[in-house]
Amino acid sequence: MTSTSVRGGLAALLALAVALPAGEALAHPGPPVPPAASAPAPAPEAGLVPGVRLAPHRDWPQDTPDQTLPPHVYRPTAEEDATEPPPAPPGSDALIEYVPPGDVPYPAASGGAPGPLAAAACTKKTGPYQRQVERWLKRKADGKQSPADCRAIRAFQTKQGIRPNAGFAGPVTWGRMRAISARKNPNAAKKCPTRAYRLACVDLPRQLMWVSKGKKIVYGPVPIRSGRAGNRTRTGWHKVYWRHKNHWSSIYNSPMPYSQFFSGGQAFHGIYGNVYSPPGSRGCVNLRLSDAKRLWGVLKGGDRVYVWGRKPGT
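Residues numbered from 1 in each chain as written. Predicted model: local features only at pLDDT ≥ 70, side-chain atom pairs only at ≥ 80, totals over all residues. Heavy atoms only, no water.

(A) Quick look at the sheet that holds strand E9 (residues 304-308). Taking strand neighbours across the sheet as the criterion, the five strands line up as E3-E2-E1-E9-E4 in an open arrangement whose pairing is mixed. Whereas interior strands pair on both sides, the edge strands pair on one side only; in this sheet they are strand E3 (216-223) and strand E4 (236-239). Strand after strand, the sheet turns through a mean of 20 degrees between neighbouring axes, direction not considered. Where strand E1 (residues 198-203) meets E9, five bridges bridge the pair, whose relative direction is parallel. Within E9, the residue paired with Asp 203 across the bridge is Trp 308. Docked against the sheet, helix H6 (residues 289-296) engages strand E2 (208-213) and E3, running at close to 155 degrees with respect to E3. (Pairing = 2+ DSSP bridges. Helix = DSSP H or I, 4+ residues; strand = E, 2+ residues; numbered from the N terminus. Axes fitted to C-alpha atoms, helices over the stretch in contact; angles between N-to-C directions. Contact = heavy atoms within 4.5 Å.)

Right, dumping it as structure tokens:
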């Protein structure tokens with residue numbers, strides 16, 4: 001298989017919602033490589049699906065890999081800090097549900113190839129979060145997909161801009177519901193300690209994070225993607241020990257924008273992709289690029305971080 005096919009395969013997989021995040025990366029020893037000189041990350045061969053038509057190559061990274069080793073810490077120049085990371089390409093963080101490939105509604109004219117999503121039909125399949133979604137919608141939580149369930153789920157997906165709005169109870173739909181429920185009081189269960197100073201709270205079971213100061217929430221809550229099985233985000237107390245706005249992963253030649261490292265190679269940072277995508281990161285706390293940018297303006301070096309619980313499925 002050629003490198004061009006491999007890179008194209010990643011774009012196809014994201015469209016079909018079966019792509020896997022890229023692997024580990026090492027810290028870049030100095031200022032980042034300019035985006036114009038970068039090459040997209042290669043797709044792991046294990047993530048390719050035989051028989052799936054490859055989409056045209058795209059020249060922007062499909063996802064942002066993490067690193068597991070501690071970064072090379074240095075003092076960025078004022079010029080480097082003044083440079084903002086590239087914005088996310090249009091649609092890169094769209095709420096695309098991870099539906100079974102057979103339910104992806106591609107236009108007939110495309111021959112089933114990846115492209116713009118057509119209008120979705122109501123699915124009869126039971127999603128992995130069926131029972132949780134039913135309970136959230138105040139429906140009978142029997143874990144079975146009925147036509148009425150599908151219509152209710154589909155109405156929620158349409159309102160939230162989740163595509164395809166086929167009524168499939170997948171990770172994006174359930175993640176969006178969790179985020180909405182936590183808006184008013186993310187620390188209602190008092191899992192995160194109350195401190196007079198700024199404290200970044202990372203809720204792994206709900207895949208959310210926020211920043212509090214005393215009893216006041218000063219940032220968030222926002223959705224996150226934490227470490228997958230085998231690369232879990234470390235729990236307990238940590239401290240933001242280095243901030244690097246334009247951090248770069250050298251192996252995959254891909255950005256880790258607005259990185260704020262708190263435990264070895266684990267950091268808060270933005271991604272150019274879907275924050276709800278399974279199976280998880282390589283240990284970092286991934287955020288939507290816009291959320292990572294806002295967090296950059298809230299946290300400072302030396303601020304404390306508290307991580308608890310366990311990501312579902314890990």
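(B) Focus on the pattern of salt bridges. As enumerated under the stated definition, the model contains six salt bridges in all. The partner of Asp 303 in a salt bridge is Arg 198, with the nearest N and O atoms 2.8 Å apart. Taken as a pair, Asp 303 in the loop between H6 and E9 and Arg 198 in strand E1 lie far apart in primary sequence, 105 residues in all. Relative accessible area serves as the criterion here: at 10%, Asp 303 is assigned to the buried category. We note a salt bridge from Arg 288 to Asp 291, for which the minimum N-O separation is 2.8 Å. Linked by salt bridges that have partners in common, Arg 288, Asp 291 and Arg 294 make up one network. (Salt bridge = Lys/Arg side-chain N within 4 Å of Asp/Glu carboxyl O. Buried < 20%, exposed > 50% of the residue type's maximum accessible area, 1.4 Å probe, protein only.)

(C) Seen up close, the state of the cysteines. Scanning the model with the defined rule gives two disulfides in all. At a sulfur-sulfur separation of 1.9 Å, the disulfide partner of Cys 122 is Cys 150. Negative torsions about the S-S bond denote left-handed disulfides, and the value of about -140 degrees found for Cys 122 with Cys 150 makes this one left-handed. Of this pair, Cys 122 sits in the loop between helix H2 (78-82) and helix H3 (130-136) while Cys 150 sits in helix H4 (residues 147-160), and the two are 28 residues apart along the sequence. On the accessibility criterion, Cys 122 (32% relative accessible area) is partly exposed. Within the protein, bonded cysteines paired by disulfides and numbered along the sequence follow the pattern 1-2, 3-4. (Disulfide = S-S within 2.5 Å.)

(D) Fine view of the packing of aromatic side chains. In this structure the tally under the stated criterion is nine aromatic pairs. When the ring of Trp 210 is compared with that of Trp 308, the centres are 5.8 Å apart and the planes differ by 75 degrees; the resulting orientation is edge-to-face. Here Trp 308 lies in strand E9 and Trp 210 lies in strand E2, a separation of 98 residues in the sequence. Neither residue differs from the other here; Trp 210 and Trp 308 are each classed as buried. Ring plane angle 50 degrees and centroid distance 6.4 Å describe the contact between Tyr 241 and Phe 261, whose orientation is recorded as tilted. With Tyr 241 in the loop between E4 and strand E5 (242-249) and Phe 261 in strand E6 (residues 254-263), this pair connects stretches of sequence that are 20 residues apart. Overall, Tyr 241 belongs to the partly exposed group, its relative accessible area being 35%. (Phe/Tyr/Trp six-rings, centres within 6.5 Å; stacked < 30°, edge-to-face > 60°.)

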